[in-house]
Amino acid sequence: MNLNATLIAQLIVFLILVGFTIRYVWPPIAKALDERADKIAEGLAAAERGKSDFEQAEKKVAELLAEGRNQVSEMVTNAEKRAAQIVDEAKTQAANEAARISAQAKADVEQEVNRAREALREQVSALAVKGAESILRREVDEKQHAQLLASLKQEL
C-alpha cells in the first residue's frame, strides 16, 4: 500500500468518526452538560431564595420576640398595678373594719359603764335605805347619826 492511500483512508475513517461523534455522541453529552448547568443554576437560585427566606424569617422572629417582650412587660405592669390596687383595697377594708370594731367596742364599754352605774345606784339607794332604817330605829342623836353617815361613806 501506498502511504498516500493509507493517509487518505485514515482521513476518511477519522472524518467518519468525527461525523458519527458529532451526530450521535456529542448531542447526548452536550444535553447532559446543559442539564447539569441548569441544575447547578437552579441550585444556586434555590440557595439564594433560601438565604432570602432565612433572612426574612430572622426578621419576623425578631419582630415577634420584640412584640412578645412588650406584651410581657405590659402584663407585668398591669399585674403590679392590680396588686397595688388590691393592697389599697385591703387596707381600706381593714381600716373600715377596725373603725367598726372600735365603734362596737366603745358602744359595749358605754353599755357596761351604764350597767355599772345602775348597779351602783341600786347599791347606794339600798345603803341609803339601810342607813335611814338604822337611823330611824335608833333614837335621834346627832353624834350617832354622824358616825352612821361616816360609816356609810366608807362603805361607798
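Everything quoted here is computed from the prediction, not taken from an experiment. (Residues numbered from 1 in each chain as written. Predicted model: local features only at pLDDT ≥ 70, side-chain atom pairs only at ≥ 80, totals over all residues. Heavy atoms only, no water.)

> Can you walk me through a nonpolar patch on the surface in this structure?
Nonpolar side chains collect at one region of the surface, where Leu17, Phe20, Tyr24, Val25, Trp26, Ile29 and Leu33 lie side by side and expose about 720 Å² of accessible area between them. Residue position: Val25 is located in helix 1 (residues 3-137). By relative accessible area, which is 33% here, Val25 ends up partly exposed. (Patch = residues over 30% accessible without salt bridge, like charges linked within 9 Å, V, L, I, M, F, W, Y side chains within 5 Å. Areas by Shrake-Rupley, 256 points an atom, 1.4 Å probe, with all protein chains shown as cover. Salt bridge = Lys/Arg side-chain N within 4 Å of Asp/Glu carboxyl O. Helix = DSSP H or I, 4+ residues; strand = E, 2+ residues; numbered from the N terminus. Buried < 20%, exposed > 50% of the residue type's maximum accessible area, 1.4 Å probe, protein only.)

> How should the pattern of salt bridges be read in this particular structure?
Pairs may arise between side chains of opposite charge once their charged atoms sit close together. Per the stated rule, a full pass over the model turns up two salt bridges. Notably, a salt bridge pairs Arg100 with Glu97, separated by 2.4 Å at the nearest N-O pair. One end of the pair is Arg100 and the other is Glu97, both in helix 1 and three residues apart, which spans about a single turn.

> I would appreciate a short explanation of the UniProt feature "transmembrane region" (unreviewed entry) in the protein in the present structure.
UniProt's entry tags residues 6-26 with the feature "transmembrane region" (unreviewed entry), counted in the numbering of this structure. Along residues 6-26, the helical share is 100% and the strand share 0%, with 27 Å between the first and last C-alpha atoms. (UniProt positions renumbered as here; feature names shortened; annotations may be inferred.)

> Just checking my understanding: could you explain the packing of aromatic side chains for this structure?
Between two aromatic rings, the relevant description is the distance of the centres plus the angle of the planes. Tallied over the full model, the rule gives one aromatic pair. Ring geometry for Phe20 versus Tyr24: centroids 5.2 Å apart, planes at 45°, classification tilted. Of this pair, Phe20 and Tyr24 both sit in helix 1, four residues apart, which is roughly one turn of that helix. Taking relative accessible area as the criterion, Phe20 reaches 46% and is therefore assigned partly exposed. (Phe/Tyr/Trp six-rings, centres within 6.5 Å; stacked < 30°, edge-to-face > 60°.)

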